[in-house]
Amino acid sequence: MTTRKKQDHASSIPTENLGRDAIGVLEAIRTRGKVWDDLARQYGVTNPDPPWKTSLFSTCEALAAGTCALPAIERRASEDDLSESFYQNVPQPERELLALAHTMIERGLINEDELMRRMRDVHQRIHSV
Amino acid sequence: MDEKTSGHTHKTAPMVEEVSDFEVLELAVRELAIEKGLFTAQDHRRFTEWAESIGPSAGSRLVAKAWRDPEFKELLLKDGVKASLEVGVDWMNPTGFGTPSDYTDFRVLEDTPKLHHVIVCTLCSCYPRPVLGMSPEWYRTPNYRRRLVRWPRQVLAEFGLQLPLDVEIRVEDSNQKCRFMVLPMCPSGHEGWSQDELASIVTRDCMIGVALPRADRTVDDPRPLHPAVKPVHHHQGA
């Protein structure tokens, strides 16, 4: 199971991560979050992609367009590096999402505290009845 | 309300009935980016609509038209951007609302009996989206991107494409300013076919270069399941 793989990976992250630091909120998601493969299997869903995949694509494109806050080529290079270290065993597109958030935090486009707060708000909003 | 009174008589497909941390993260990142003015909600929605509407049919039509019309083929090879206008694709403004600055050139690579092309983006994942739609997952993997340029023949064989040794394989590396597409050779057995029928055998993978068009295979064929040549006999009750 993917969850098992992630647990195994938690203790085997390379110590030299190209001078980059782990980001707490993203580490929590990496180790705890349920990836689409597991959710789809659990609920008997055959769609190979999570419902937020296209939205992630659009966020990446929109960041590269207009104000060019995060050029596509730099985002991809950063994702390649992170894919070989922190997010080595995370499947796509979860890996792409974690790498995007990681890169945005490193570059100061968003900060970790506000991301944590916003995630809490979003979670609460989604689960409100 | 039951099925009779609601008018819903079909059985709904199963859905994932929980929201994952990843789904929450995606939404949180997007909302923060919009609030900080990195892009607008409208920018995001338009990219999403565009992404969900494109596919490889424009590329298939370019190839089929080039197979039938020598003058168009000449134009396609000489000026892919101009030729694309004939199938309704404007590379200078493919979405109709502006795109990143990477859509500035489009070149079509012609296969011959002794030369086969295949495209890749070793640096990231550049892909001719206006004519081929969204790139397949494998195209973006380091495995494909790194190995194709070193061992093209072996990687193509992994896709089931085994080329004779006297066919040269040329790997074209996309970049931020230039996108490529393969113009495969027209297979035999299509005599009397219309342009639309020809387009139906030009699949996405043929235009990437990891497959060849076949007159007996169309893009919407049923997926065949071939019996194993040497089936494994499972032990019962082992």
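Brief notes about the overall build of chain A
When its secondary structure is counted, chain A shows 7 helices and 0 strands. From first element to last, N terminus to C terminus, chain A shows the α and β order α-α-α-α-α-α-α. When the 129 residues of chain A are sorted by exposure, 37% land in the buried category. Look at the contacts in chain A between residues 6 or more apart in sequence, and 66% of them connect residues 24 or more apart.

Examining the overall build of chain B
For chain B, the helix and strand inventory stands at 11 helices and 4 strands. Counting only residues that meet the buried cut, chain B has 32% of its 238 residues in that class.

So, the confidence of the model for chain B
Residue and element names in this part refer to chain B. Of the residues in chain B, 87% reach a pLDDT of 70 or more, and the chain-wide mean stands at 86. Summarising per-element confidence for chain B, the mean pLDDT is lowest in helix 1 (residues 3-6) (50) and highest in strand 2 (residues 115-120) (98). Across the predicted assembly, pTM comes out at 0.70 and ipTM at 0.89.

Some words on the interface of chain A and chain B
Reports often express the size of an interface as the amount of accessible area lost when the parts come together. Facing 44 residues of chain A, the contacting portion of chain B comprises 37 residues. With 10 residues, the single largest contributor to the side of chain A that touches chain B is helix 4 (residues 53-64) of chain A. For the side of chain A that touches chain B, a count of residues per class yields 26 nonpolar, 10 polar and 8 charged.

Description of the nonpolar core
Ala101(A), Leu25(B) and Ala28(B) are the most contacted members of the largest nonpolar core, which has 73 residues in total. The dominant element in this core, judged by the number of residues it contributes, is helix 2 (residues 21-35) of chain B, at 8 residues. If you count residues domain by domain, this core takes at least three from each of domain 1 (25-54) and domain 2 (57-208) of chain B. If sequence neighbours within four positions are ignored, Ala101(A) has contacts with Leu26(A), Leu115(A), Leu25(B) and Val29(B).

Notes on unusual backbone geometry
Here the residue pair Gln92(A) and Pro93(A) is connected by a cis peptide bond, since its omega of 0° sits within 30 degrees of zero. Note that Pro93(A) resides in the loop between helix 5 (72-83) and helix 6 (94-106).

Things to note about the confidence of the model for chain A
Residue-level pLDDT values for chain A average 84, and 85% of them are 70 or greater. In the model, residues 1-12 of chain A has pLDDT below 50 throughout and makes 13 contacts with residues more than four positions away in sequence or in other chains.

Things to note about the packing of helix 7 (residues 112-127) of chain A against helix 2 of chain B
A pair of packed helices can be characterised by two numbers: the angle between their axes and the separation between those axes. Running from N to C, helix 7 of chain A and helix 2 of chain B cross one another at 120°; their axes reach a closest spacing of 9 Å. One element, helix 7 of chain A, and the other, helix 2 of chain B, form an angle in the oblique class. For the pair helix 7 of chain A and helix 2 of chain B, the crossing hand works out as right-handed. Where helix 7 of chain A approaches helix 2 of chain B, its residues Glu114(A), Leu115(A), Arg118(A), Met119(A), Val122(A), His123(A) and Ile126(A) are matched on the opposing element by Val24(B), Leu25(B), Leu27(B), Ala28(B), Glu31(B) and Leu32(B). In the contact of helix 7 of chain A with helix 2 of chain B, the residues fall into 9 nonpolar, 1 polar and 3 charged.

So, the packing of helix 4 of chain A against helix 2 of chain B
Put simply, helix 4 of chain A and helix 2 of chain B touch, their axes get as near as 10 Å, and they point 25° apart. The angle between helix 4 of chain A and helix 2 of chain B falls in the class roughly parallel. Pair helix 4 of chain A / helix 2 of chain B crosses with left-handed handedness. Judged by residue contacts, Ser55(A), Leu56(A), Thr59(A) and Leu63(A) of helix 4 of chain A engage Glu26(B), Val29(B), Arg30(B) and Ala33(B) from helix 2 of chain B.

Description of the environment of Pro128(B)
All names here are of chain B. Along the polypeptide, Pro128 turns up in the loop between strand 2 and helix 7 (129-132). Using a count of 28 C-beta atoms within 10 Å as the deciding quantity, one classes Pro128 as buried. Separated by 80 residues in sequence, Pro128 and Ile208 place their C-alpha atoms 9.4 Å apart. Dropping the residues within four chain positions of it, Pro128 is found in contact with Phe106, Arg179, Phe180 and Met181.

Section: the environment of Phe39(B)
Structurally, Phe39(B) can be placed in the loop between helix 2 and helix 3 (41-51). Judged by C-beta crowding, with 22 C-beta atoms within 10 Å, Phe39(B) ranks as buried. In contact with Phe39(B), other than residues within four places in its own chain, are Ala62(A), Leu63(A), Gly66(A), Ala33(B), Ile34(B) and His44(B).

A look at the environment of Ala83(B)
With respect to the helices and strands, Ala83(B) occurs in helix 6 (residues 80-84). Owing to 21 C-beta atoms within 10 Å, Ala83(B) belongs among the buried residues under this scheme.

Reading the values: the criteria
- Residues numbered from 1 in each chain as written.
- Chains lettered and ligands numbered in written order.
- Predicted model: local features only at pLDDT ≥ 70, side-chain atom pairs only at ≥ 80, totals over all residues.
- Helix = DSSP H or I, 4+ residues; strand = E, 2+ residues; numbered from the N terminus.
- Buried ≥ 20, exposed ≤ 12 C-beta atoms within 10 Å, placed from the backbone.
- Contact = placed C-beta atoms within 7 Å.
- pLDDT = per-residue confidence, 0-100.
- Nonpolar A, V, L, I, M, F, W, Y, C, P; charged D, E, K, R; others polar.
- Core = buried A, V, L, I, M, F, W, Y, C linked by C-beta atoms within 7 Å.
- Domains from an automatic or database assignment.
- Axes fitted to C-alpha atoms, helices over the stretch in contact; angles between N-to-C directions.
- Parallel < 35°, antiparallel > 145°, perpendicular 65-115°, else oblique.
- Left-handed = near helix turned anticlockwise from the far one by under 90°.

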